[in-house]
Amino acid sequence: MRDNVKHIKWGLKDELVELVPLKVIQKKYIGKGRSAKVYLSYSGNEGIATKTFTGEPVSKLILFILTGSANPYTWCEDAIQCAMIRRRILSSLCHIWFEDKLRLPKTYNYRWNVKHKAFEIDTEFIPGKHAPLFNPLHTNQVNYMSELKNEIMKPLKDKLIESGFDGLVWQAGKGNPVAVSNFMMLNKENDRRQWIWIDLESGLPALFAMNPLSTLFYYIPKCIKHRGWLFDHVDSEKLTNYLTKSKDAITIKLGKYAYNNLCTDADLLSKTQKKWTHLTRHQKSLYYAASQKKITEESKIYYENKPIRWFIKNSATFLKSAIKNTEELVVKFLNKVYNFRYKKFIKRLYLYFSSAKYRWRLTKWYLKKEIDKWYSRKFFTESESKFLKSELQKDDKSSYLTDFSIHIGIKPFVKIFSFIIMPLLIAGGIFSIQSGTIIILVSGSVARTLYTVWRMSHSLISSKPHFPIIALIIGLFPIIGNLAYPAELIYQSTGSRNKVSKFIIYSFSAKAGSKIPIWGGKDSEIEHLFNRICHLILK
């Protein structure tokens, strides 16, 4: 059980507050975003998702540069109260706008987490899944991403702008391809779906839009309007006017009592938002340091009216910390270098290049992990996961994956031959310049072809001979010959051919999209784009 905890309001005035959290059993870490880590616990049979606003290192660094402190949801009670009020307001408005097609999870309470030195909120746990990727085992698939973007996110952004939620459009996906992961899907009866907007709190100011036009013509003007970096800001006057204009529609749908509560929350949001958005950079930095116990209460009071002295002290503290962290990283790196198991690494490297059986065993281990990841993301059913794993035991086309790595692995030796050995032989008069140049040009093609021919001859004595003709032909050409085995694998994956080969291409394309810096990531729009391109090629 978690004990009741006390938390301190880090603002212009300190005030001790006690909140009683839900009684829950044993938190389990289930994921993280740019603003928070998420833990799952249970109150009876009800799942509780606790969002602890610890942030992550890169986001923290950017926020320190831009604002002087970490994410305000980490340390500022006024900011966390704004988050709670926004969720209450938008829970009602989304019901008006979308009926049961989109909703917010129930939001319970917030508290100060003593261990993590950060605020956290308790919300309803959603046992759904993010928009599924296209699946190599399914036919006539629903384009979930298209449905989410066109039927949910696009109209949501329009409604948010209309009602004054200027900063929330970032979390709804305006110029932000990562925002797709803020929505989850619950399957309903008769093939219907309900979308849940699970994450409304930003980890970064809304500035780094993938579409520069969104930054130039929307986010920067809104920053000027709100006189600061746009961070989930609400135009309170516009929201109030929207509620007044929509009074009849809201009252008919939700009742007069609910409408009055919305107006009360809108007024409360306006007052609470001003408290933290009007803090100076100096105050944000000072109050954050106090919340993290980096300075005493007496020091906080002393530096409140001394911004220059606080800047000097804070800069000196940062410099000391940077030097200490650098030293620790260097020591950690040197320890890793010293303790690295070179003998084991060389042995495995030798086995990889010398043993086809070892390479295939390694490939199967890796592909099983990938199948398990798709299953854990609910893109495969349990029976589909078992089917792919059983096919993996029988499959031999997937070995093209390791064949590709061998082609890449022999490149350094080809380069040494081409740029060191051959020039020496030419200089020694063993080869003429013309013949030497031709040998250098075809050396890569010859090496690839020799390996492929050896693989084909080796397969003749196996129980399942296969002949990678596509790889053999493409491998003859300079430069593009490096793509010989990927091309063979794609060919084997097209149409109704090998399901495992098909999964490899689907998996690798999605992984490539998820590795794109800043705007990529798991469940991002970029991951879905790469997956969709793969699906169009292979279907």
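Predicted model only: the values in this text are computed from it and were never measured. (Residues numbered from 1 in each chain as written. Predicted model: local features only at pLDDT ≥ 70, side-chain atom pairs only at ≥ 80, totals over all residues. Heavy atoms only, no water.)

Q: Whenever I open this one, the sheet that holds strand β10 (residues 193–197) confuses me. Can you help?
A: Within a sheet, adjacent strands bond to each other through the backbone by hydrogen bonds, running parallel or antiparallel. The strand order β6-β10-β9 describes an open sheet built from three strands, whose pairing is mixed. Among the strands making up the open sheet, the edge pair consists of β6 (102–103) and β9 (183–187). Pairing of β9 with β10 involves five bridges; the strand directions are antiparallel. What sits directly across from F183, in β10, is W197. Its contacts with the sheet place helix α4 (residues 144–162) against β6, β9 and β10, and it is angled at close to 50 degrees to β10. (Pairing = 2+ DSSP bridges. Helix = DSSP H or I, 4+ residues; strand = E, 2+ residues; numbered from the N terminus. Contact = heavy atoms within 4.5 Å. Axes fitted to C-alpha atoms, helices over the stretch in contact; angles between N-to-C directions.)

Q: Help me understand the pattern of salt bridges in this model?
A: All chains considered together, the criterion is met by 27 salt bridges. Residues joined in a network through salt bridges with shared partners are K27, R111, E120 and D122. (Salt bridge = Lys/Arg side-chain N within 4 Å of Asp/Glu carboxyl O.)

Q: Explain the pairing of β9 here, please?
A: Successive residues of a regular strand alternate their side chains across the two faces of the sheet. Along β9, four of the five residues are buried, which leaves the element largely enclosed by surrounding structure. Here β9 folds back onto β10, and the loop between the two strands holds five residues, one of which, N190, carries a positive phi near 60 degrees. (Buried < 20%, exposed > 50% of the residue type's maximum accessible area, 1.4 Å probe, protein only.)

Q: I'm lost on unusual backbone geometry in this one. Help?
A: What you tend to see is this: most non-glycine residues have negative phi, and most peptide bonds are trans. The phi dihedral of R227 is positive, around 60 degrees, even though this residue is not glycine. Take R227: its relative accessible area is 79%, and that puts it in the exposed class.

Q: Hey, could you run me through the environment of L148 in this one?
A: By the element assignment, L148 lies in helix α4. Judged by relative accessible area, which is 0%, L148 ranks as buried. The spacing of L148 and L262 is 114 residues in sequence and 27 Å in space, taken between C-alpha atoms. If near-sequence neighbours (up to four positions away) are discounted, L148 is found in contact with A131, M153, V180, F183 and W195.

These figures come from the coordinates and say nothing about function on their own.
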